[in-house]
Amino acid sequence: MKVTEERELAEAIREATGPLRIRGGGTRTVGRVVEGVDLDVSGLNGIGLYEPGALTLVAGAGTPLAEVEVALAAEGQRLAFEPADWRGLLGTGGAPTLGGMVAANVSGPRRVQAGACRDALLGVRFVDGSGTVVKNGGRVMKNVTGYDLVKLMAGSWGTLGVLSEVSLKVLPAPEAAAVLVLAGLDPAAAVGAMTAALRSPYDVTGAAHGPWGTLLRIEGFAGSVDYRAGRLAGVLAPFGEVRVERDGAAVAALWRAVRDVAPFHGGDGAVWRVSLRPSDAPGFLAALGRNGIGADAVMDWGGGLVWTRVPDTGDAGEAVIRAETRARGGHATLMRASAGTRARVAPFPPEPAAVAALSAGLRARFDPRGILNPGLMG
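Residues numbered from 1 in each chain as written. Predicted model: local features only at pLDDT ≥ 70, side-chain atom pairs only at ≥ 80, totals over all residues. Heavy atoms only, no water.

(A) Just the confidence of the model for the chain, in detail. Per-residue confidence for the chain gives a mean pLDDT of 93, with 97% of residues at or over 70. Of the regions scoring below 50 in pLDDT, residues 140-146 engages in nine contacts with residues more than four places distant in sequence or in other chains. (pLDDT = per-residue confidence, 0-100. Contact = heavy atoms within 4.5 Å.)

As structure tokens, then:
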């Protein structure tokens, strides 16, 4: 069923007699397949309010992300957290929506400097599992009061409520950008270079490593970018020869490839998304090799986010990946695998008992009948 108004959404949830599979653009098919009735919320679309001077945008959750980005670009603004497009990675179609972006808390390379999607959220409207419309937050940060449901909804994957509207903080787009490139570094040296850059005073807005080499991004006014790029090149000199790319189109293409995990588009293999301390990333990758798991890897967030592709053998290396991640205090999510592997392997990491109890309590409060994307995360 497809809804086009919040009132219809609330009615559909109230009258549901079984599980609902929440669908927006259909581009972020992560987790187990939900058995239930499709609830298509892509009709809840349109930009309701955009105030460039107040750096604020309010839009329906089904609004295509591309529509929002065009509107922002016309005013020289952007979503600073750089939301990724996972269609190439996951092999999906459709169009990414604001609601899907928020529900998955999708945050790109600029997270190291601008924060995550949840940090740009000012307010949300959603319908809980009983069909009640809930509003939390506002159009400006100071209006956020009471329980911080704004942050709670980010990354909840539609299991606590179905978003109908979101309010976001936007920021000006920079005048210029440059990327410093180091070639031939192994993961340990790459993390060392990225750490040195991020600790420098030169306001690095991206730090990644992959087939392109080790990439450090600087953005801002043209004169400042040139100065800071030169100074940062000096900081990075101990790690090897530094190439500085200043062409705007080339810089944008490089970071789009990092953002969307382009090296893993198409082809075979299971893809895991691993979050851990940057200093632990090289050891984690080495441990996969020691355990006989051949893995390709892309590091983002200075090494704090590792995308790794392993052979899809049925268990997709789950035991090793979970154990090595857990030993380092991180967590791993299975993002892509064959249908058989997805049916057998829990996509999201098991929660500690105290956290699991809290999560169960929240789901019982917001979805007492257990009808919103049931089983997706377990």
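(B) Representation of the environment of P278 in the model. Secondary-structure assignment places P278 in the loop between β14 (270-275) and α11 (281-290). Taking the relative accessible area as the measure of exposure, P278 reaches 31% and is therefore partly exposed. Sequence-wise, P278 and R290 are 12 residues apart; in three dimensions their C-alpha atoms are separated by 20 Å. Leave out the neighbours within four places in its chain, and P278 touches V191, W301, G302, G303 and G304. (Helix = DSSP H or I, 4+ residues; strand = E, 2+ residues; numbered from the N terminus. Buried < 20%, exposed > 50% of the residue type's maximum accessible area, 1.4 Å probe, protein only.)

(C) Region of interest: the side chain of R273. Note that R273 resides in strand β14. In this structure, R273 is buried with no salt-bridge partner, the nearest side chain bearing the opposite charge being D300 at 8.0 Å. Leave out the neighbours within four places in its chain, and R273 touches W301, L305, V306, W307, H331, A332, T333 and M335. (Lys, Arg positive; Asp, Glu negative; His and termini not counted. Salt bridge = Lys/Arg side-chain N within 4 Å of Asp/Glu carboxyl O.)

(D) Quick peek at the pattern of salt bridges. Inspection of every chain in the model, using the stated rule, returns 16 salt bridges. One salt bridge in this structure joins D226 and R246, with 3.1 Å as the shortest N-O distance. Of the two residues, D226 is situated in helix α9 (residues 222-236) and R246 in the loop between β13 (242-245) and α10 (248-259); the sequence distance between them amounts to 20 residues. Look at D226 and you get partly exposed, because its relative accessible area is 41%. For R246, a relative accessible area of 45% gives the class partly exposed.

(E) Representation of the side chain of T214 in the model. For T214, the location among the structural elements is in strand β12 (residues 213-220). We classify T214 as buried; its relative accessible area is 0%. Of note is the side chain of T214, whose polar atom sits 2.8 Å from the side chain of H209. Apart from residues no more than four positions distant in its own chain, T214 is found in contact with L180, V181, L182, L185, A190, M194, A208 and H209. (Polar contact = N/O pair within 3.5 Å; in protein donor to acceptor, adjacent residues only side chain to side chain.)

(F) Here's a closer look at the pairing of strand β10 (residues 176-182). For β10, a buried count of six out of seven residues is recorded, marking the element as mostly surrounded by other parts of the structure. Inspection of the sheet shows β10 paired to β12 by seven bridges, in the antiparallel sense. Following the sheet pairing, V179 is matched in β12 by R217. Pairing analysis gives four bridges linking β10 to β13, with the strands arranged antiparallel. What sits directly across from L180, in β13, is V244. (Pairing = 2+ DSSP bridges.)

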